[in-house]
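Examining the three-dimensional arrangement
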Amino acid sequence: MAKVKITQVKSLIDRPKRQKDTVKALGLRKMNQTVEKEATPQILGMIKKVSHLIKVEEA
């Protein structure tokens, strides 16, 4: 499968708990942190739900 690089670009302050939990499940803990994940349907669904908080690049 393809890999994607996910970077948190916006703060989680004043966000609903579901969005905080989704970002945490993606492996992000702080601002400007980048993780690399496999582009599975589950990961892509999580990316879509918090796309306003993260930046996604093909790896």
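To keep things clear, this report deals only with the structure shown in the data block.

Cut-offs applied
- Sequence order as written defines the numbering, with residues in each chain counted from 1.
- Restriction of local features to residues with pLDDT of at least 70 applies here, the model being predicted, together with a cutoff of 80 or more for giving and counting side-chain atom pairs; totals for whole chains, interfaces and linings are based on all residues.
- Water and hydrogen atoms were dropped before computing side-chain values, which therefore reflect all heavy atoms in the structure.
- At least two bridges found by DSSP between two strands is the condition for calling them paired.
- What counts as a helix is a DSSP run of H or I of at least four residues, what counts as a strand is a run of E of at least two, and both are numbered from the N terminus.
- To define axes, lines are fitted to C-alpha atoms, for helices over the stretch in contact only, and angles between the resulting N-to-C directions are given on a 0 to 180 degree scale.
- Residue contacts follow a heavy-atom distance rule, with two residues in contact if any of their heavy atoms lie within 4.5 Å.
- Remark: exposure states derive from per-residue accessible area (1.4 Å probe, protein chains only) relative to the maximum for the residue type, with buried under 20%, exposed over 50%, and partly exposed in between.
- Contacts described as polar in this section are N or O atom pairs within 3.5 Å, which, within protein, must combine one atom able to donate a hydrogen with one able to accept it, while residues neighboring in sequence count only if both atoms come from side chains.

Here we take up the sheet that holds strand β3 (residues 54–58). If you trace the three strands from one edge of the open sheet to the other, you get β2-β1-β3, paired in antiparallel fashion. One side of each edge strand has no neighbouring strand; the edge strands of this open sheet are β2 (34–38) and β3. Taking the axes of each pair of neighbouring strands and ignoring which way they run, one obtains an average angle of 25° across the sheet. As defined by bridge partners, strand β1 (residues 3–8) adjoins β2 across five bridges and the pair is classed as antiparallel. Considered in β2, the bridge of K3 is made with E38. Sheet strands touched by helix α2 (residues 41–49): β1, β2 and β3. Its angle to β1, the strand with the most contacts, is close to 30°.

You will see that D14, though not glycine, has its phi angle at about 65°, which is positive. At N32, a position not held by glycine, the phi torsion is positive, near 65°. Positionally, N32 belongs in the loop between α1 (17–25) and β2. You can call N32 exposed: its relative accessible area is 58%.

Let's shift gears to the environment of K3. Relative to the elements of secondary structure, K3 occurs in strand β1. Accessibility expressed as a relative area gives 32% for K3, which makes it partly exposed. C-alpha separation for the pair K3 and A39, spaced 36 residues apart in sequence, amounts to 5.3 Å. Apart from the residues lying within four places of it in its own chain, the contact partners of K3 are E36, K37, E38, A39, E57, E58 and A59. In this structure the side chain of K3 is engaged in a polar contact, spanning 3.5 Å, whose partner is the side chain of E38.

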